Amino acid sequence: GTIGKIGVLFASIPRPVVGGMYFVMFGIVLAVGISNLRFIDLTSSRNIFIIGLSLYFGIIVPNWAYKAINDPIQVKSIQTGNEEFDQLVRVILTSGMIVGAIIACFLDNTIPGSAEERGMTNYETESKQCSDQELRDKIYREPLMEWAAGKLPLFRNLPFVPTI
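Just so we're clear, the structure is a prediction, and the values are computed from it rather than from any experiment.

Engineer: A description of the pattern of salt bridges should follow, citing residues and the corresponding values.
Structural biologist: Two side chains of opposite charge can pair, provided their charged atoms sit close to one another. For the coordinates displayed, the defined rule picks out three salt bridges. Asp108 is paired through a salt bridge with Arg46; the nearest N and O atoms lie 2.8 Å apart. Taken together, the residues span a long stretch of sequence, with Asp108 in helix H5 (residues 96-110) and Arg46 in helix H3 (residues 45-70) at a distance of 62 residues. A relative accessible area of 23% means that Asp108 is categorised as partly exposed. What makes Arg46 buried here is its relative accessible area of 7%. Here Asp108 makes a salt bridge to Arg118, at a shortest N to O gap of 3.1 Å.

If you want it as structure tokens, here you go:
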């Protein structure tokens, strides 16, 4: 039925058009990612270190992983014996965005920094300036995280968990 016809429609799109759509899409993703940095102190050596290292590892680790996966000797270095887990490891290691995000989150939460340096105070100030509080709560409310923060004290310390 319908799924096959939609698939044919997508398959008929020329490759240069798909490439252009990817170009625009990843450009927007990059711009949104950079715009999220507006809250942090970009003059802080701590933040520059975190950004630089996460970008570096986001570029280098996937290159190493591609070479390791295609080399019959080196591929053993990322094999655990469980095929499903090996595939998950391969997907994570070959995605620059995932590697960079993991490194950035880990470093941001382990390297000491003030709330101003991490951008928490600027973010709170900006979020309080939202004129439509009801709309903001409707869009950004996370009931599962609120429940977890109420029941599990460990979750209260995570920066992405809303306060209850």
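That covers the picture; the talk isn't over yet.
Engineer: Go over a nonpolar patch on the surface, please, and point to the residues and values.
Structural biologist: Taken together, the side chains of Tyr22, Met25, Phe26, Val29 and Met97 define a hydrophobic patch exposed on the protein surface, amounting to about 500 Å² of accessible area. Take Met97: it is sitting in helix H5.

Engineer: Please provide a residue-by-residue account of the side chain of Asp86, values included.
Structural biologist: Considering the arrangement of structural elements, one finds Asp86 in helix H4 (residues 83-93). Despite being buried, Asp86 has no salt bridge partner; Arg90 is the closest side chain of opposite charge, sitting 4.7 Å away. Contact partners of Asp86, with chain neighbours within four places excluded, come to Ile78, Gln79, Thr80 and Gly81.

Rules used throughout
- Residues numbered from 1 in each chain as written.
- Predicted model: local features only at pLDDT ≥ 70, side-chain atom pairs only at ≥ 80, totals over all residues.
- Heavy atoms only, no water.
- Salt bridge = Lys/Arg side-chain N within 4 Å of Asp/Glu carboxyl O.
- Helix = DSSP H or I, 4+ residues; strand = E, 2+ residues; numbered from the N terminus.
- Buried < 20%, exposed > 50% of the residue type's maximum accessible area, 1.4 Å probe, protein only.
- Patch = residues over 30% accessible without salt bridge, like charges linked within 9 Å, V, L, I, M, F, W, Y side chains within 5 Å.
- Areas by Shrake-Rupley, 256 points an atom, 1.4 Å probe, with all protein chains shown as cover.
- Lys, Arg positive; Asp, Glu negative; His and termini not counted.
- Contact = heavy atoms within 4.5 Å.

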